Amino acid sequence: METTSLFSSDKMSKYSSTHRDEREMRPRGSRVSQAAMLIRDAYLGFQDAPVEGYYDPYSYDNEIRTVRNQISVVCGRLVVQLRGVAVFVCWVQFMLTFFEPPTWCRDASDLQIVATSRGDDNTNEFGDCKILFEAFGVTADMEENKALYPNFDAMLLTISQSRSIEIGCVGFIAMYMLLQYGDDGFFPSFFFYRGYKRWIRASQCVILIMLLLSILIGNTTFNPFLRMAILGTFLRGFQRELLTLIKMIPDVLYVLSMLGIIVLFYAWFGVVMFVDSPQGRTFPNLLEGMWTLWISVTTANYPDVSMDSYSENHLVAIYWVSFMVISFFYIMNLILAVCTQQYDKSIHFRKVSREKLAKKLLSDAFTLLDQKDQGFVSRESIMNVMTILNQDMPEVKTMSSEEKSIIYALLDKNGSDSICLDEFLDWSLVMLLNLSKESDYATLVETKLPNVYQSQWYTQLSEAVKSNRFDTAIDVILVLNAMTILMQDYSMLVGHDTGDPENDETLDTKWEKLETIFTALYVLEVMLKVTINGWKKYKESARNLFDFFVTCMTILASFYVYYPNTYNNTNLIRFIVMARVLRLVRLLFAIESFRLLGAITLDILPASRDIFLVLLFVAYFFATSGQLLYGGYITRDPSNPLSHALLEATDFTSSAYWPNNFNDMFSGMNVLFNLLVVNNWTTCIQGFEYTTGSKTVRFFFLFFHLVCVTGISNVITSVVITSFFQQLEVIEHRYGPNERVDGTSIRGSRAFFAANVLTGTNTGVQGKYSAHIQTVNFDVDIDERAVMRRVFGRSNTPDSK
């Protein structure tokens, strides 16, 4: 697993003196288990610690250690099997912040509205938040029946419910860490082994202790930050991308410092040039001038900011245009270039590091198994390793006895019934193969109704459903469906809809009968394809899954609304109609360019997931901080002096920006998303400037803009650009011409082969199989064709590495 760098492994080190004697007692079984751990890490592409950093339950055969070894094996299996549950529990704890009462309003007795509404009752289970969030009435600007403290209306949990859930989450995470401790043989030296493992485990322990103490003392103000931190320790991809961003900071700061110097120079020049002129109101001093120009860099106030001076003298355009050309068109794009370059270097580093790590780990594993230094490993040893991988390492996919034989045959390229080092180094590649037996694709009709399957009419039906003409017919039906919906909604689309809502809540006898017929045809299409192709093959197509999802969504919603009952909803009925329109996206699959873009997009999404997680975490941090700093500052409560101060922020109030606040987490996240979009972000800031009575609030929003808009957004753009070109090349290789490698047919992204003999080795397995690459790490591209050529060929070719 990964070290502190997350990409490279620690050098193999010696045990501490405490365990030196125990190491010398290790029998042969210990070598097999150690080799299995090394092979697992080579397959996963990271290493938390070398084998010396883990307790080996197979290393002691004396009776004293028997119970400890058995417990360690059980704990180790539970650790991997429950890891997904542990991550889910951390996400539940993370989401508590969105649904629990915010800390700023749990005790708001200083507000007049609370004192008036609460009276002598101080036992509200929501604190004072329920009073504030449900307060409606005449606002400070004299509007009636409006929320006095605008919020997202998402406070679903009471304080005690939130505390109970958090106690449960902390308890489960603590239990999970106890299992990890048991997996390490209950030895602190293993549990806190130096390097990445020590940092992560120590961080988790400290965070859990802080969470528990905060719950015990009843002060959970900073719990949202601790929840975010504990979740981050379980997300390796998030850690990797965060480290990549941190490494970019120095290079980005160099460019930002250049931008700062330019802004400083132009602000200085502007203060002098615009003195005693209308433009001077935006350049009253150097700091305000710099703020004005920074807003211009974000394009939020351009060209409005320049109109006062431009109206007096058109030559002032030289000042503004030159500034925008240098700052916006050059330096901001220079930042994007730096981010792209650094991210490309990071991707290349990850790829090279994983290759080196895999080679080192597999070489070490080979050395452990080759005890007599014969230069090869026997079949028995390989099978023992596979048994350990199956039993004790669930993060590696389980292999059946037939799959073990196939994997061994793919490793034994010369048919010698033993594995040399060069062959052994392919193990991490061979394990990427997802094997499927041809019989696994047998349909229900084929297995349960063989007579029907072999009949002439069923054969003809199968040929018809599998033909291109069938898909073309469905596409024609989709076009007719689209024309029907267009005619049905024509008056609404052109803005002339004056229909009675009551009529919208009933089935239109003309159009809805047609829509019902179309829906029935779509259901028939799904049934025919699933019946003829089988569910396993059907679900392998993204196009089929999309059709299935839209069809099921339409059917369920239609039954819910149209089944005779007292429930009728106009909006839901219109949603049903639009759900049918979604199937038109299927027509794009018929166009090769759109099909290519769709395939690339599906491949990019997993690769970009982790960088979006970083953006989520940063936004969460700022939203939580904003809630602590500015919760309750945006209010329309006439009894609160802040509401009258807010009325002076004319841009804010005239734009009705009341919901843009930090009164709760969802509202805060919405504010930050608006800042990401950039447009009109200064209007939002104005409200907080007036309610806080200070312009220091600008630093909060400026810092967010620098981190997320200038930093992370550019990295996301870099990820999309880099991933696009990577996946474009991968897909072009994937759908290249069919190939044949030593009896194996490679078509598209799959290899088809007879399993009895592979690479000259008799497997003893009968039947036909197919294989495709199942990627473990999505951030680095894999040439699937090259890997399959290497794996299924008798000679190793260097191009797949």
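Residues numbered from 1 in each chain as written. Predicted model: local features only at pLDDT ≥ 70, side-chain atom pairs only at ≥ 80, totals over all residues. Heavy atoms only, no water.

Draft legend 1. Structural context of the state of the cysteines. With the rule as written, the count across this model stands at one disulfide. Shown here is the disulfide that connects cysteine 105 with cysteine 129, its sulfur atoms set 2.0 Å apart. In this structure the cystine formed by cysteine 105 and cysteine 129 twists about its S-S bond by roughly 100 degrees; its chirality is therefore right-handed. With cysteine 105 in the loop between α4 (83-99) and α5 (112-118) and cysteine 129 in helix α6 (residues 129-133), this residue pair connects regions lying 24 residues apart in the sequence. (Disulfide = S-S within 2.5 Å. Helix = DSSP H or I, 4+ residues; strand = E, 2+ residues; numbered from the N terminus.)

Draft legend 2. Local environment of the environment of leucine 410. If you trace the backbone, leucine 410 turns up in helix α16 (residues 401-411). Among the residues examined, leucine 410 registers a relative accessible area of 1% and is labelled buried. In this structure, the C-alpha to C-alpha distance between leucine 410 and leucine 758, residues 348 residues apart in sequence, is 6.3 Å. (Buried < 20%, exposed > 50% of the residue type's maximum accessible area, 1.4 Å probe, protein only.)

Draft legend 3. Examining the nonpolar core more closely. Ranked by internal contacts, the top residues of the largest apolar core, which has 96 residues, are Leu293, Trp681 and Phe701. Listed in part, the 62 residues of the second largest apolar core include Ile39, Phe424, Leu429 and Val765. (Core = buried A, V, L, I, M, F, W, Y, C linked by side-chain atoms within 4.5 Å.)

Draft legend 4. Inspection of the pattern of salt bridges at higher detail. Tallied over the full model, the rule gives 25 salt bridges. The closest approach of N and O atoms between arginine 636 and aspartate 141, which form a salt bridge, is 2.9 Å. Residue arginine 636 is located in the loop between α30 (592-630) and α31 (641-647), and its partner aspartate 141 is located in the loop between β1 (136-137) and β2 (146-147); the two are separated by 495 residues in the primary sequence. Ionic pairing is found between glutamate 689 and arginine 698, a salt bridge with its closest N-O pair at 2.7 Å. Across the pair, exposure class does not vary: glutamate 689 and arginine 698 are buried alike. By sharing partners, the salt bridges in this structure join Glu100, Arg106, Glu166 and Arg227 into a single network. (Salt bridge = Lys/Arg side-chain N within 4 Å of Asp/Glu carboxyl O.)

Draft legend 5. Broad picture of the packing of aromatic side chains. In this structure the tally under the stated criterion is 57 aromatic pairs. Ring centres 6.3 Å apart and planes at 55 degrees place the aromatic pair tryptophan 104 and phenylalanine 133 in the tilted group. With tryptophan 104 in the loop between α4 and α5 and phenylalanine 133 in helix α6, this pair connects stretches of sequence that are 29 residues apart. Accessibility assignment for this pair places tryptophan 104 and phenylalanine 133 in one class, buried. Note on tyrosine 453 and tyrosine 458: the rings are 5.8 Å apart at their centroids and 50 degrees apart in plane angle, and the pair reads as tilted. Classification of tyrosine 458 by relative accessible area gives buried; the value is 4%. Pairwise contacts between aromatic rings join Phe222, Phe225, Phe621, Phe622, Tyr630, Tyr633, Phe662, Phe688, Phe700, Phe701, Phe703 and Phe704 into one cluster. The ring of tyrosine 408 has arginine 379 sitting right over it, with the charged end atom 4.6 Å from the ring centre. (Phe/Tyr/Trp six-rings, centres within 6.5 Å; stacked < 30°, edge-to-face > 60°. Lys NZ or Arg CZ within 6 Å of the ring centre and 35° of its normal.)

Draft legend 6. Highlighting the sheet that holds strand β5 (residues 433-437). Spatially, β5-β11-β8-β7-β6 is the arrangement adopted by the five strands of the open sheet, whose pairing is antiparallel. Each edge of the sheet is formed by a strand with only one pairing partner; in this case those strands are β5 and β6 (739-741). Ignoring which end each strand starts from, the neighbouring axes of this sheet average 25 degrees apart. Pairing of β6 with strand β7 (residues 744-747) involves three bridges; the strand directions are antiparallel. By the bridge assignment for β7, glutamate 739 is matched with isoleucine 746. (Pairing = 2+ DSSP bridges. Axes fitted to C-alpha atoms, helices over the stretch in contact; angles between N-to-C directions.)

Draft legend 7. Looking closely at the environment of cysteine 205. On the secondary structure map, cysteine 205 appears in helix α9 (residues 196-217). With 25 residues separating them in the primary sequence, cysteine 205 and isoleucine 230 have C-alpha atoms 9.3 Å apart. Ignoring sequence-local partners within four residues, the contact set of cysteine 205 consists of Met177, Phe191 and Phe192. (Contact = heavy atoms within 4.5 Å.)

Draft legend 8. Structural view of the packing of helix α11 (residues 236-273) against helix α35 (residues 697-734). Taken N-terminus to C-terminus, the directions of α11 and α35 make an angle of 115 degrees; their axes are 12 Å apart at the nearest point. Comparing their axes, α35 and α11 come out roughly perpendicular. As α11 runs across α35, the sense of the crossing is right-handed. From α11, Leu245, Met248 and Leu256 reach across to α35, where they touch Leu706, Thr710, Ile712 and Val715. Of the residues belonging to the contact of α11 with α35, the class tally is six nonpolar, one polar and no charged. (Parallel < 35°, antiparallel > 145°, perpendicular 65-115°, else oblique. Left-handed = near helix turned anticlockwise from the far one by under 90°. Nonpolar A, V, L, I, M, F, W, Y, C, P; charged D, E, K, R; others polar.)

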